[in-house]
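Report on the structure
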Amino acid sequence: MNPVSEANEPLSSDAKLEIQMLHDRVLVRMPSNDGERRSTGGIVIPATAQVARRLSWGDVLGVGNNVRNVKVGDRVLFNSEEQLEVEIQGDAYLVMRERDIHAVASERTEHGTGLYL
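Below or above, wherever it landed, is the structure these notes cover. Every value quoted in this text rests on a predicted model; they were computed, and no experiment measured them.

**Overview of the overall build of the protein chain**
Helix and strand counts for the protein chain stand at zero helices and eight strands. When the elements of the protein chain are put in sequence order from the N terminus, they spell out β-β-β-β-β-β-β-β. When contacts within the protein chain are restricted to residue pairs at least 6 apart in sequence, those whose partners lie at least 24 apart make up 60%. Surface summary for the protein chain: the accessible area is close to 9,700 Å², and the carbon and sulfur share equals 48%.

**Things to note about the nonpolar core**
Among the nonpolar cores identified, the biggest contains 10 residues, and these are Val26, Val28, Val60, Val67, Val70, Val76, Phe78, Leu94, Met96 and Ile101. Sorting the residues of this core by element identifies β1 (25-29), β5 (75-78) and β7 (91-97) as the ones contributing at least two each.

Calculation rules
Residues numbered from 1 in each chain as written. Predicted model: local features only at pLDDT ≥ 70, side-chain atom pairs only at ≥ 80, totals over all residues. Heavy atoms only, no water. Helix = DSSP H or I, 4+ residues; strand = E, 2+ residues; numbered from the N terminus. Contact = heavy atoms within 4.5 Å. Areas by Shrake-Rupley, 256 points an atom, 1.4 Å probe, with all protein chains shown as cover. Core = buried A, V, L, I, M, F, W, Y, C linked by side-chain atoms within 4.5 Å. Buried < 20%, exposed > 50% of the residue type's maximum accessible area, 1.4 Å probe, protein only.

What follows is the structure, given as structure tokens:
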């Protein structure tokens, strides 16, 4: 079944459809997973090493109309293992609820911690 436009004409396969997030959803660019990490002391930690669950930082690319504290362009802290992944044009993104975001790093400083990225 082909999608149909408002004029009841089939959409062409090269039509570009803009993605709009709904309700309290946030679209975040997935962090790059290089595999191994390096500690602040310079020790290489292989990807296979068992470590505590880690939160990840990501960039917000879209927000729904009911999102109140996060804006496009913010960096957010979240648990990537508990989020839904979607592939768009070959790139991986995460879709999450605003309530699943633990912190926001932005230039707006209403209630900051005094720590900076």
